[in-house]
Structure formats: structure tokens, C-alpha cells
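If you want the building blocks of each chain, they are given just below.
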Amino acid sequence: MTLTYRKAIAADATKLSILFKQVYIATYGTAGVSDEFANFISQRFSVATLAQMIADDAHPLFVAAYQNNLVGAVEIGYGSCPVGDIVAPELNKLYILEWFCGQGVGQQLLAMAEQYVWQQGHTQMWLWVLETNARAIGFYKKHGYKEIGNAPFQMEVNRYDNLVMVKDRP
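Everything in this summary refers to the structure shown in the same document. (Residues numbered from 1 in each chain as written. Predicted model: local features only at pLDDT ≥ 70, side-chain atom pairs only at ≥ 80, totals over all residues. Heavy atoms only, no water.)

### Section: the nonpolar core
Judged by nonpolar contacts, the single largest core of 27 residues is most densely connected at Leu91, Val105, Leu109, Val129 and Tyr140. Those elements that place two or more of their residues in this core are strand 2 (61–66), strand 3 (69–77), strand 4 (90–96), helix 4 (105–119), strand 5 (124–130), helix 5 (134–142) and strand 7 (159–168). Ranked by residue count, the leading element in this core is helix 4, at eight residues. Not counting residues within four places of it along the chain, the set of residues in contact with valine 105 comprises Leu3, Tyr5, Ala64, Val71, Ile96 and Phe100. One finds Ile41, Phe45, Ile54 and Tyr160 within the second-largest nonpolar core, a separate group that totals 25 residues. (Core = buried A, V, L, I, M, F, W, Y, C linked by side-chain atoms within 4.5 Å. Buried < 20%, exposed > 50% of the residue type's maximum accessible area, 1.4 Å probe, protein only. Helix = DSSP H or I, 4+ residues; strand = E, 2+ residues; numbered from the N terminus. Contact = heavy atoms within 4.5 Å.)

Right, here's the structure in full:
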């Protein structure tokens, strides 16, 4: 299977909207899709929001494609870390369709994000991951990320507990 990796383009917005929603629901929708959950993902992952993000390029977004179909994406964010005094870019999303997990897609996208961040002169990158997502936590640990604390993510009503991790530039 031949995959291609590249920076996201405007034409990717609709496919990214579906990919992000699917992966987010599979990860966080353990109790189904509530009203607040539907509101959150409909707004956060709308085609218009993603098209604007790609156009602004304020949060670099890279994609993995199989036969021109998106199978994964990674986004670099620049929000503040909820733990400690870390001032560094955030690995905001690393989403892979389940069918393509375990095939090196995540590893390649992570390497692209790290290379981008290191080339920008940053010496750290942080992330937060759902604390019950053992597969993702193991993946990040395997790639040099260390736990530094916990932080909640608050939706309208529900709260999701996350593990915060950081990696120093090698």
C-alpha cells in the first residue's frame, strides 16, 4: 500500500471534516453522541472551520492519503500548555482512521510534525491525550513523550480527563 504525505490544501476540508468527526467519536464517544458532543464536533470540525484553518495556516496541518483519500492527519497548535510553564507548540491532533492504524501512518505524521516544529527553532512539543486511551499513550511514550501531569477538557457539561505529555528536541 502506497501512502502519500503532504501539507493539507483547501480541497481537503470536506474529507478532513469527516475524518476528524469519525476519529473523535471513536475515541471520545464512549457513551454515544450526546447533544453537547454533537454541538462540539459539528462546530469544531465543520468544513468552513477547517477550510479557514487551512487558508490561515496558523495551525499547520499535514495529511496522509491512500489513492488520494485521506486516512490520517496531524495538526500543530499554538495554545498554552495546561500543565507547568511550557511555552511550545502543541501536537493538537494526530488522527488516523482505524483501518490504517498499525501501518506506520501515525509514526510518519508524527515525524512530519516534529520535523516542522524543530525546524521552526522550538525545543519542545506537548500534547494531551485522553487518559483512558492506552494505545495512544503507549504510542507517544514509544516516541519519546513523557508524562508531566493531568488536565481536564471541559465541554458544555461533561469533563474529559487528559494526560499531558511533552517531548524535548533530540
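### Some remarks on the pairing of strand 6 (residues 146–154)
Both strand 6 and strand 7 contribute to a ladder of eight bridges, which runs antiparallel. From the neighbouring strand, asparagine 150 faces strand 7, where its bridge partner is leucine 163. The turn linking strand 6 back onto strand 7 is made up of four residues. (Pairing = 2+ DSSP bridges.)

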